[in-house]
Amino acid sequence: MPPAPLEDESGLLSGSGLVAEKAKRLAKLDDMRAGGAEPYPYRFDRTHTLAEVRAEHGSLEAGTETDARVAVAGRMMLKREQGKLIFATLRDRSDELQLFISKATVGDDAFEFIANLDLGDWVGVGGVVMATRKGELSVKVETLQLLSKAVRPLPDKWKGLTDTDTRYRQRYADLIVNEQARRNFQVRHAVISSFRNTLSGHGYIEVETPVLHVEAGGAHARPFITHHNTLDMNLYLRIALELHLKRLIVGGMERVFEIGRIFRNEGISTRHNPEFTMMESYQAFADVSDIIALTEELIVTAARDALATTVVDIDGEQVDLAEPWRQARMIDLVAVAIGVEVHPSQPVEQLRALAAQHGVSCAPRWGSGKIIEELFEATAEHMLVRPTFVTGHPVETSPLARTDRNDPFLTERFELFVNRRELANGYSELNDPVEQRMRFEDEQAAKDAGDDEATGVDEDYLRALEYGMPPTGGLGIGMDRVAMLLAGAQSIKEIILFPTLRPEVH
RNA sequence: GCGCCUCUAGCUCAAUGGUAGAGCAGUGGACUUUUAAUCCAUUGGUUCAGGGUUCGAGCCCCUGGGGGCGCACCA
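None of these values were measured; they are calculated from a predicted model.

The rules behind the values
Residues numbered from 1 in each chain as written. Chains lettered and ligands numbered in written order. Predicted model: local features only at pLDDT ≥ 70, side-chain atom pairs only at ≥ 80, totals over all residues. Heavy atoms only, no water. Domains from an automatic or database assignment. Pairing = 2+ DSSP bridges. Helix = DSSP H or I, 4+ residues; strand = E, 2+ residues; numbered from the N terminus. Buried < 20%, exposed > 50% of the residue type's maximum accessible area, 1.4 Å probe, protein only. Polar contact = N/O pair within 3.5 Å; in protein donor to acceptor, adjacent residues only side chain to side chain. Salt bridge = Lys/Arg side-chain N within 4 Å of Asp/Glu carboxyl O. Patch = residues over 30% accessible without salt bridge, like charges linked within 9 Å, V, L, I, M, F, W, Y side chains within 5 Å. Areas by Shrake-Rupley, 256 points an atom, 1.4 Å probe, with all protein chains shown as cover. Axes fitted to C-alpha atoms, helices over the stretch in contact; angles between N-to-C directions. Parallel < 35°, antiparallel > 145°, perpendicular 65-115°, else oblique. Left-handed = near helix turned anticlockwise from the far one by under 90°. Contact = heavy atoms within 4.5 Å. Nonpolar A, V, L, I, M, F, W, Y, C, P; charged D, E, K, R; others polar.

**Some thoughts on the domain arrangement of chain A**
Split into domains, chain A comes out as domain 1 (50-148) and domain 2 (178-325 + 386-494). Taken over C-alpha atoms, the centre of domain 1 sits 49 Å from the centre of domain 2.

**Here's the deal with the pairing of strand β17 (residues 407-411)**
Of the strand pairs in this sheet, strand β16 (residues 403-404) and β17 are connected by two bridges, and their pairing is antiparallel. Looking at β17, one finds that Thr403 is bridged to Thr411. Linking β16 back to β17 in an antiparallel pair, the connection comprises two residues.

**Some thoughts on the side chain of Glu412**
Tracing the backbone through its elements, the reader meets Glu412 in the loop between β17 and β18 (413-418). The buried category is assigned to Glu412, whose relative accessible area is 9%. Among the polar contacts made by the side chain of Glu412, one reaches the side chain of Ser428 at a distance of 2.9 Å.

**Quick notes on the pattern of salt bridges**
Inspection of the entire model under this criterion finds 37 salt bridges. Two residues, Arg420 and Asp315, come together in a salt bridge whose shortest N-O distance is 3.2 Å. Here Arg420, found in the loop between β18 and β19 (421-428), pairs with Asp315, found in the loop between β12 (311-314) and β13 (317-320); they are 105 residues apart in sequence, far enough to count as distant. Overall, the relative accessible area of 54% leaves Asp315 in the exposed class. In this structure, a network of salt bridges that share partners links the residues Glu21, Arg25, Lys28, Asp118, Asp121 and Lys149.

**Regarding the sheet that holds strand β7 (residues 212-213)**
Read from one edge to the other, the open sheet built from three strands follows the order β7-β9-β8, with strand pairing classed as antiparallel. Strands with a single pairing partner mark the edges of an open sheet, and in this sheet they are β7 and β8 (225-228). Of the strand pairs in this sheet, β8 and strand β9 (residues 233-237) are connected by four bridges, and their pairing is antiparallel. Bridge pairing in β9 links His227 to Asn234.

**A short note on a nonpolar patch on the surface**
A cluster of nonpolar side chains, contributed by Tyr172, Leu497 and Phe498, occupies part of the molecular surface with about 340 Å² of accessible area. Within the secondary structure layout, Phe498 lies in the segment after α15 (479-487). Its relative accessible area of 54% is what places Phe498 among the exposed residues.

**Some details on the packing of helix α8 (residues 242-250) against helix α14 (residues 459-467)**
Where α8 contacts α14, the axes come no closer than 9 Å and their chain directions differ by 25°. On the basis of the axis angle, α8 is roughly parallel to α14. At the point where α8 passes α14, the crossing takes the left-handed sense. On α14, the residues that touch Leu243, Lys246, Arg247 and Val250 of α8 are Asp460, Tyr461, Ala464 and Tyr467. Grouping the constituent residues of the contact of α8 with α14 by class yields five nonpolar, no polar and three charged.

**Describing the environment of Gly456**
With respect to the helices and strands, Gly456 occurs in the loop between α13 (433-448) and α14. On a C-alpha basis, the gap between Gly456 and Phe263 in space is 18 Å, while along the polypeptide they are 193 residues apart. Those residues in contact with Gly456, other than ones at most four positions away along the chain, are Glu215, Phe440, Gln444 and Lys447.

Have a look at this one:
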């Protein structure tokens with residue numbers, strides 16, 4: 001029995017446009033149910049992914065048919081009707097494969113049903129593997145079952161979505177039609193997986209620490225504030241993982257890492273999303289030099305794992321990440337950039353004058369170290385395209401880092417820059433509770449003076465340090481930015497599945 | 001927050017201030033080897049919203065909204 005003609009009570013079914021299109025597809029569902037079929041079955045047993053079919057039969061000669069019976073499932077992306085034959089393109093996560101549907105094989109009713117399917121419908125198929133006369137590997141369909149209906153039409157089958165707003169808001173649609181988006185998130189997964197493997201191989205264990213903090217410390221950023229009802233107190237969403245992980249080093253866990261979401265109440269740009277993913281690791285008995293080596297290993301290994309190459313395109317330049325990465329002190333980079341030696345031991349007036357010469361405006365409370373860092377950002381940072389470890393940050397801007405063993409004004413710290421972007425930050429950890437208290441008090445003073453990104457004194461963290469933290473090297477890596485680098489993404493929104501957007505207006 | 005750009009059919013895009021169009025998708029038809037199938041026919045519009053100028057506004061002006069880019073912010 002051919003399906004009964006669709007009724008058109010509202011007049012919608014004769015029209016076009018989204019409303020009519022949805023009405024037509026919903027009517028097909030009603031029609032199926034009226035015929036006793038379930039358009040949303042509970043499960044489907046497949047024997048092969050599409051990639052597995054291709055792997056087993058990819059070399060099949062044109063015009064041959066096997067007796068290999070397979071069950072595959074996926075979304076129907078394209079349909080080419082040719083009289084008593086239909087060719088359809090099926091896609092699952094692994095691959096795409098052609099379906100070959102012959103009226104003579106499936107029978108008149110099933111053929112009519114298949115011809116009535118819409119692009120975007122999920123189907124489960126049973127059939128045999130064959131290759132068409134043109135040599136296209138296909139499944140010759142014997143049975144076909146609708147697994148779920150696409151009531152809403154897919155975007156343009158060839159051009160996909162181009163409007164970035166729609167792509168980010170409707171990431172589900174973006175993933176259906178844009179190969180590049182699917183690839184970006186595979187790269188992201190491979191990077192995170194690779195990091196876990198590398199760290200595990202070095203004896204690190206993965207931990208989870210609180211997202212809700214009483215004190216938002218470990219970085220210099222404005223936090224999000226939330227409220228706990230039962231405790232009747234404000235809490236902060238974490239801006240870093242650092243202070244809890246180092247408590248675990250005090251506890252003797254020796255090597256820990258966490259990959260977690262952190263939240264900073266700052267601007268949104270192609271490089272910033274309010275919530276993003278940070279990997280932080282801490283290793284007892286290590287110092288900054290060990291951590292620099294680890295950073296390089298993590299990222300180079302991730303490139304191999306995600307891309308099967310260490311060569312990446314950075315701003316149009318082919319860069320082999322496997323080549324050793326440059327190291328340079330911040331003060332030396334500034335000196336080269338402005339032609340004048342700088343050091344945080346210099347009087348603040350002198351540095352203030354230099355800053356003015358280079359268009360850097362200084363807040364009154366800034367000391368020499370902070371001004372040098374601002375000078376670095378204004379004059380040197382933009383030149384760091386190839387991977388560069390910038391080292392020796394001033395003590396003033398590094399309240400959790402250990403003082404350089406050879407220079408009391410600098411710290412044993414580095415930031416990794418690639419393509420002008422900061423990707424990682426690490427240091428020999430400050431483990432002297434007395435000195436840490438003084439650094440915190442400096443921060444508190446800045447906070448009291450109106451710096452809303454400064455943190456206060458974390459007494460519990462100081463108590464932990466008083467129990468004794470071994471010498472420790474720590475690292476933080478922005479996972480989104482590593483994923484951007486390896487995926488070649490120009491915006492952080494391209495590697496965050498659901499980036500922060502204003503609510504949609506209707 | 002500031003500046004520049006942008007918003008037209010479900011999707012991708014056109015349209016000197018003068019009747020809003022095309023391709024894809026959809027609908028009807030032909031076709032047993034297609035590959036973004038092809039061919040014939042055809043439906044589909046609050047031009048982001050609201051004002052204004054004009055005989056006449058998708059287009060010009062103002063206000064508002066979404067988005068993009070840049071700046072600022074982001075140790």
